[in-house]
Amino acid sequence: MVRATTLVALALATALAVPPAARAQTSAAPRDSVRLVLQSLRGELQLLRGASATMLVAPSREGVLLIDADDATMGPRIDTLLASRRIGRVRRVAYTHHHREQVGGGDWFYAQGAELVSSLRTRERLSKRRDDTGRLDLPAALPDRTFTTPYRFRWGANEVELRPVGPAHTDGDVVAWFRPANVVHVGDLFRADGYPMIDVEGGGNVAGLIATLTALAGEMDDRTIVVASRGPLGDRRVVREYLTMLAAVRARVLVQVRAGRSENEVATSGLTGDFEPRWGRGTVRAEQFLRQLAREVTLLGR
């Protein structure tokens, strides 16, 4: 009954939120030219690069497990692509956190009968989140299954572990381990080509990110493939390089804040200079990264 009620609400929300003509112009059109890229990863696992996120596709006899769902416009296109490759229908979607780039497509898959899975904290955030006007800014369909401890299950050839971690990028992050494939999807905990984006309002902080990634790196070996929501694939070596950068820059910012430097002074201080050639190529600029670190260490006092 709950699911049926949610599906009715989903349909009404979609129909009433924006007039049909406006929806065609504001939602569908910008994504029509986005090219979905599906590539083999290891064993039966496949990488799917979408409009806003990189997903993981795990086929089985029961259907497809999808790690993250891209934004709200991409669900039908993902479904069509998987069907055209005879991979199967999506039967379960697991979210790495609550941002729209990860959960937006969930409504589509839910309407097709898929189960939605997330950490309890992610579901709580999705149930409360609103946009700047006070209107709901979240999928109508909330996760069916939530967890606060690792959720393990068999899917195809792999044992899957969905593990709540953090706070790190947010306070509801989940990493998805696939064994024996030795592949882990880490959501937005890591970027192989740039500085991190931390959702401070969403409960995240760099200190927690460092602790989380340090623990994860300890479980990796030289063959581990690290999938992130954005950017290239990574491995244990690159994660360790990322950790070195995070710890060094945070320590520098802490010194500056304790010396009485303002947030603006820290942000324009050039503290990331030696890391720019390696990590300054992503979407997060050094000034933005330094600014969020200055706020964090000021609030935490460490």
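Student: What is the right way to read helix α7 (residues 206–219) from this model?
Tutor: Because the α-helix completes a turn every 3.6 residues, residues three or four places apart line up on one side. A rise of 1.5 Å per residue sets the reference length of α7, with its 14 residues, at 20 Å; its end C-alpha atoms lie 20 Å apart and thus fit the reference within 8%. Among the residues of α7, those classed as buried are V206, G208, L209, I210, T212, L213, L216 and A217. Buried residues along α7 sit against β9 (158–164), β10 (174–179), α8 (236–258) and α11 (286–300). Structurally, the start of α7 carries an N-cap: the backbone nitrogen of A207 is 3.3 Å from a side-chain oxygen of N205.

Student: Explain the pattern of salt bridges to me, please; I cannot follow it from the model alone.
Tutor: The full count for this structure, using the stated rule, is 22 salt bridges. Taking the shortest distance from any N to any O, the salt bridge between E219 and R179 comes out at 3.3 Å. One end of the pair, E219, is in helix α7; the other, R179, is in strand β10, with 40 residues separating them in the sequence. For E219, a relative accessible area of 35% translates into the label partly exposed. Classification of R179 as partly exposed rests on a relative accessible area of 32%. Each member of the salt-bridge network shares a partner with another, and the members are R152, E161, R163, R179 and E219.

Student: Please clarify how the side chain of H97 should be interpreted in this entry.
Tutor: In this fold, H97 is placed in the loop between β5 (90–94) and α4 (100–103). For H97, a relative accessible area of 0% gives the class buried. In this structure the side chain of H97 is engaged in a polar contact, spanning 3.3 Å, whose partner is the side chain of H99. In this structure the side chain of H97 is engaged in a polar contact, spanning 3.3 Å, whose partner is the side chain of D188.

Student: Quick question: what am I supposed to make of the sheet that holds strand β11 (residues 183–185) here?
Tutor: Strand pairs in the sheet, formed through backbone hydrogen bonds, run parallel or antiparallel to each other. Taking strand neighbours across the sheet as the criterion, the five strands line up as β8-β9-β10-β11-β12 in an open arrangement whose pairing is mixed. The outermost strands of the open sheet, each flanked by one partner alone, are β8 (151–155) and β12 (225–227). Shown here is a sheet whose adjacent strand axes are inclined to one another by a mean of 20°, direction ignored. As paired elements, β11 and β12 share three bridges and run parallel to each other. What sits directly across from V184, in β12, is V226. Strand contacts of α7: β9 and β10, with the helix running at about 0° to β10, the strand carrying the most contacts.

Student: Even after reading the chapter, I still don't get the nonpolar core, so can you show me in this structure?
Tutor: One recurring pattern in soluble globular proteins is that nonpolar side chains are buried together. With 41 residues, the main nonpolar core has V186, L189, F190, L213, M245, V253 and F289 as its most contacted residues. Every element with two or more residues in this core is listed here: β10, α7, α8 and α11. It is α8 that provides the largest number of residues to this core, a total of 10 residues. Apart from the residues within four sequence positions on either side, F190 is in contact with L213, V226, A228, G234, V238, V239 and Y242.

Student: Which parts of the structure should I look at to understand the pairing of β10?
Tutor: Taken residue by residue, a regular strand's side chains alternate between the two faces of the sheet. Counting buried residues along β10, five of its six residues qualify, which places the element largely inside the surrounding structure. The pairing of β10 with β11 spans three bridges and is classified as antiparallel. Along β11, the bridge assignment pairs A176 with H185.

Student: Explanation requested: the confidence of the model for the protein in the structure shown.
Tutor: Fine structural detail should not be taken from predicted coordinates in areas where pLDDT scores are low. Scored by pLDDT, the protein comes out at a mean of 88, with 86% of its residues at no less than 70. Note that residues 11–30 has pLDDT below 50 and, in this model, eight contacts with residues that lie over four places away or in other chains.

Rules used throughout
Residues numbered from 1 in each chain as written. Predicted model: local features only at pLDDT ≥ 70, side-chain atom pairs only at ≥ 80, totals over all residues. Heavy atoms only, no water. Helix = DSSP H or I, 4+ residues; strand = E, 2+ residues; numbered from the N terminus. Expected span 1.5 Å × (residues − 1). Buried < 20%, exposed > 50% of the residue type's maximum accessible area, 1.4 Å probe, protein only. Contact = heavy atoms within 4.5 Å. Polar contact = N/O pair within 3.5 Å; in protein donor to acceptor, adjacent residues only side chain to side chain. Salt bridge = Lys/Arg side-chain N within 4 Å of Asp/Glu carboxyl O. Pairing = 2+ DSSP bridges. Axes fitted to C-alpha atoms, helices over the stretch in contact; angles between N-to-C directions. Core = buried A, V, L, I, M, F, W, Y, C linked by side-chain atoms within 4.5 Å. pLDDT = per-residue confidence, 0-100.

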